[in-house]
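An overview of the molecular structure
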Amino acid sequence: MLQRLSISNYALIDNLEISFDKGLNILTGETGAGKSIILGALSLILGQRAESRYFFNQQKKCVIEGSFKIGGFHLKAFFEENDLDYEAETVLRREISADGKSRAFINDTPVNLNALKALGEKLIDIHSQHATLEINDPVFQLLVVDAVAKHDGLLSDYKVKYKQYKKSLAQLQQLIADSDKAKADLDYFQFQYDELEKANLAADKQDHLEQELYALNNAEDIKRDLLAASYLMSGSETAALTQLREAAHHLSTLEKFNPDAIELMQRLNSTIIELKDIASDIESIEQQTHINEARAEEINNRLSVIYNLQKKHRVNTIEELLIIQDELSNKIQQAIFGDEAIESLRKNINVEIQALTQMAEELSVNRVKAIPGIETYVLKTLAEMGMGNAGLKVEHLVRKSESPEDGKDGSLSDSRTYGLTDSGIDHIRFLFSANKGHALAEMSKVASGGELSRLMLSIKSLIAQNTALPTIIFDEIDTGVSGEVANKVGQIMEKLTDNLQVITITHLPQIASKGQSHYFVYKDDEGATTYTRIKQLNEQERVLEIAKMLSGDKPGESALQNARELLGSLQ
């Protein structure tokens, strides 16, 4: 249940804090005072998107915080799945900066908006007068039946399997399309693949070939420069090695005169040895260098094949050509063996269909069993609210499928006759009549605004008894009712508090008098600024507020007396 709501810098609210009770909480106030603003702020911590233009002060951030008591509502699994710390008193917070950037927190842990919304949906159901329209939505009507059927686990498992089934169908269609295209292009793919395979490509081969060709094309110059270097090193009387040997000889004669000459001679001899090795290597390289026009032509032809393939496939390396070759191989395999993969996937899909059908049939049985209880409860509740002649029938139809859901090749299991959807095989439709002797029809065609409000309250009451929802909020759901009917509506809301916390915004004194706690929302003009304020009324203040709701701003003793009677506190 919602224990505390704190609002800072939102619409007409600078700072506001409300503590709610666990029973029926009533919010009243003049039109435009800010009751719906408070709900708007609450919706922000339930995951609704925000706009900075609703800020009280555009220079400050907006902060909304709600404290919820969630022990006993089986929400630990949600916290574990989202890696959040579970606390029996959980705090949801939303911070929105002036530039529109938003941050959300659950127990001070940052979360994304989807996680905040997912938890909010498990904590509060906000029902406004406009939401009454959803009673005509088949999705909502099915939700009502599922709530009473109490098969959440089975329905959740079904939805997971159905999602996988739809992925398999999409995969099948893609396989069929790819296979058809591969078969049409098989000759072209085979020609391209054969061309690449014939080239006998190898990674890194291109660089080696280019280097070898460069050497062959310049073999004459390379050989001439190597011979010249060899001649200067060792091939003449004045060659470098000859000169150095003579220098070493002269140094050897100085040993008896200068001991340092020995070290110099040794260093020179080491240099001579190194230079002899270099001279030998130069001679060896020169002898291995040949002018081979045949080999150059062979490499040129080889590189020409590679360059042409790279140009054709718009790539720059052999590695990229090898990737294309592998891709072509896969396409050829798909064209040749694709039918096997398609047939295998079809078999898997048929298995999935059989499993889904079995689960859908079980869901359908549960729903059929739940329908009589729904009809009985809603009609009984409507009778308590002055609609004893109302009629309600929950029509149940099983969807049939004339063709497989892939809708193309007709090759999936012929045994499937159900039209599987993400909710099963059932189509639910609520048919209603508000008056005796009138045919049942869709509710939007036969019910007035007040009748729809009472019908929705009956259904919401039923849902509340069959779900673990902590809090429900009614925003002027009593539109279109008055007098004794309003009193009955208030009694129904009162009964709802046996199972959950109820917060109601109302203009009707009959409903306002039923609350355990009564909050008055009003505008406060301070200087040039208008603020929305709220206060919890004591017993005397409640008498006065309800008297005003009965007769206007200046209630007489009769109105005050009526207010006391409504509150059950006759004085």
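Residues numbered from 1 in each chain as written. Predicted model: local features only at pLDDT ≥ 70, side-chain atom pairs only at ≥ 80, totals over all residues. Heavy atoms only, no water.

**Brief notes about the packing of aromatic side chains**
Put simply, the rule reads: Pairing of aromatic side chains here covers Phe, Tyr and the six-membered ring of Trp, requires ring centres within 6.5 Å, and sorts the geometry by plane angle: under 30 degrees stacked, over 60 edge-to-face, intermediate tilted. Each helix corresponds to a stretch of at least 4 residues labelled H or I by DSSP, and each strand to a stretch of at least 2 residues labelled E; elements are numbered beginning at the N terminus.
All chains considered together, the criterion is met by seven aromatic pairs. Between F79 and Y86, the aromatic rings sit 5.3 Å apart at their centres with planes inclined by 90 degrees, giving edge-to-face as the arrangement. Arranged with centres 5.8 Å apart and planes meeting at 55 degrees, the rings of Y162 and Y165 form a pair that is tilted. With a gap of three residues between them, Y162 and Y165 both fall in helix α5 (residues 152–184), about one helical turn apart.

**Looking at a negative patch on the surface**
Short version of the rule: Here a patch means residues that are over 30% exposed by relative accessible area and free of salt bridges, tied together within 9 Å if like-charged and within 5 Å if nonpolar (Val, Leu, Ile, Met, Phe, Trp, Tyr). What sets the accessible areas is the Shrake-Rupley method with a 1.4 Å probe; for residues, cover comes only from the shown protein chains. Counted as salt bridges are all cases of a side-chain nitrogen of Lys or Arg within 4 Å of a carboxyl oxygen of Asp or Glu. Here Asp and Glu are counted as negative and Lys and Arg as positive; His is not counted, and neither are the chain ends. One atom stands in for each charge, and that atom is NZ of Lys, CZ of Arg, CG of Asp or CD of Glu. Burial classification: accessible surface area is computed with a 1.4 Å probe over protein chains only, and a residue below 20% of its type maximum counts as buried, one above 50% as exposed, and the rest as partly exposed.
A cluster of acidic residues, D83, D85, E87 and E89, forms a negative patch on the protein surface. Relative to the helices and strands, D85 resides in the loop between α2 (76–81) and β5 (89–96). By relative accessible area, D85 is classed as exposed at 52%.

**Comments concerning the confidence of the model for the protein**
Put simply, the test is: A score from 0 to 100, pLDDT tells how confident the predictor is in each residue. The contact criterion used throughout is that any non-hydrogen atoms of two residues lie within 4.5 Å.
On average, residues of the protein carry a pLDDT of 85, and 95% of them reach 70 or more. Confidence over residues 403–416 falls short of pLDDT 50; this stretch has 27 contacts with residues more than four positions distant or in other chains.

**Some thoughts on the packing of helix α8 (residues 219–234) against helix α10 (residues 260–288)**
Applicable threshold: Fitted lines through C-alpha atoms serve as axes, helices being fitted only where they are in contact, and the angles separating the N-to-C directions of these axes extend from 0 to 180 degrees. Comment on the angle field: the value is read as roughly parallel under 35 degrees, roughly antiparallel over 145, roughly perpendicular from 65 to 115, and oblique elsewhere. Take the far helix as your reference; a near helix turned counterclockwise from it by less than a right angle gives a left-handed crossing, and one turned clockwise gives a right-handed crossing.
Two elements in contact, α8 and α10, have axes separated by 9 Å at closest approach and are oriented at 150 degrees. With respect to each other, α8 and α10 are oriented roughly antiparallel. Handedness of the crossing formed by α8 with α10: left-handed. Along its contact with α8, which presents K223, L226, L227, A229, S230, M233 and S234, the element α10 presents L275, I278, A279, I282, I285 and E286.

**Let's talk about helix α14 (residues 449–466)**
Count 3.6 residues to each turn of an α-helix, and residues three or four apart come out pointing the same way. Test applied: Helices are assigned an expected span. That span is 1.5 Å times one less than the residue count.
Its 18 residues give α14 an end-to-end C-alpha distance of 26 Å, which sits within 8% of 26 Å, the value for a rise of 1.5 Å per residue. Counting buried residues along α14, 16 of its 18 residues qualify, which places the element largely inside the surrounding structure.

**Examining the nonpolar core**
Basically, it comes down to this: Take the buried Ala, Val, Leu, Ile, Met, Phe, Trp, Tyr and Cys residues and link them wherever side-chain atoms come within 4.5 Å; each set so joined is a nonpolar core.
Grouped together as the largest cluster of nonpolar side chains are 54 residues, with contacts concentrated most on F430, F432, L457 and I459. Per-element tally for this core: the top contributor is α14, with eight residues. When near neighbours in sequence (up to four residues on either side) are disregarded, F430 contacts Q141, V144, V145, L392, K393, V394, A441, E442, M443 and I459. Residues L2, F20, I64 and L84 belong to the second largest nonpolar core, which totals 43 residues.

**Topic: the sheet that holds strand β8 (residues 124–128)**
Short version of the rule: Only strands that DSSP links by at least two bridges are regarded as paired with each other.
Judged by pairing direction, the sheet is mixed, and its six strands sit side by side in the order β8-β12-β13-β3-β14-β15 without closing on themselves. Every interior strand has two partners, whereas the edge strands, β8 and β15 (529–536), have only one. Going from strand to strand, the sheet's axes swing by 20 degrees on average, the running direction of each strand aside. Bridging between strand β3 (residues 24–28) and strand β13 (residues 501–505) involves four bridges; their strand directions are parallel. Following the sheet pairing, N25 is matched in β13 by I503.

**A word on the pairing of β15**
Alignment of strand β14 (residues 517–526) against β15, held across eight bridges, turns out to be antiparallel. Following the sheet pairing, E526 is matched in β15 by T529. In this structure, the hairpin formed by β14 and β15 is closed by a connection of two residues, where G527 is found at a positive phi of approximately 65 degrees.

**Describing unusual backbone geometry**
The backbone of K150 shows a phi angle near 55 degrees, a positive value even though the residue is not glycine. Among the secondary structure elements, K150 is positioned in the loop between α4 (138–149) and α5. Relative accessible area serves as the criterion here: at 56%, K150 is assigned to the exposed category. Unusually for a residue other than glycine, R314 sits at a positive phi of about 60 degrees. By the secondary structure assignment, R314 is in the loop between α11 (293–313) and α12 (318–384).

**A short note on the side chain of S461**
Tracing the backbone shows S461 in helix α14. When near neighbours in sequence (up to four residues on either side) are disregarded, S461 contacts Y377, I492 and L496.

**Re the environment of G71**
Here G71 lies in the loop between β4 (62–69) and α2. Judged by its relative accessible area of 40%, G71 is partly exposed. Note: C-alpha distance between G71 and E87 (16 residues apart in sequence) is 8.0 Å. In this view, G71 contacts Y86 and A88; residues no more than four positions away in its chain are not counted.

**Here's the deal with the packing of helix α6 (residues 186–198) against α11**
Operational definition: Think of it as three bins: nonpolar holds Ala, Val, Leu, Ile, Met, Phe, Trp, Tyr, Cys and Pro, charged holds Asp, Glu, Lys and Arg, and polar takes everything else, Gly as well.
The N-to-C vectors of α6 and α11 enclose an angle of 150 degrees; their axes lie 11 Å apart at closest approach. Relative to α11, the element α6 lies roughly antiparallel. You can see that α6 and α11 cross each other, and the crossing is left-handed. Of α11, the residues touching α6 (which contributes F191, Q192, E195 and L196) are L309, K312 and H313. Residue classes in the contact of α6 with α11 are distributed as three nonpolar, two polar and two charged.

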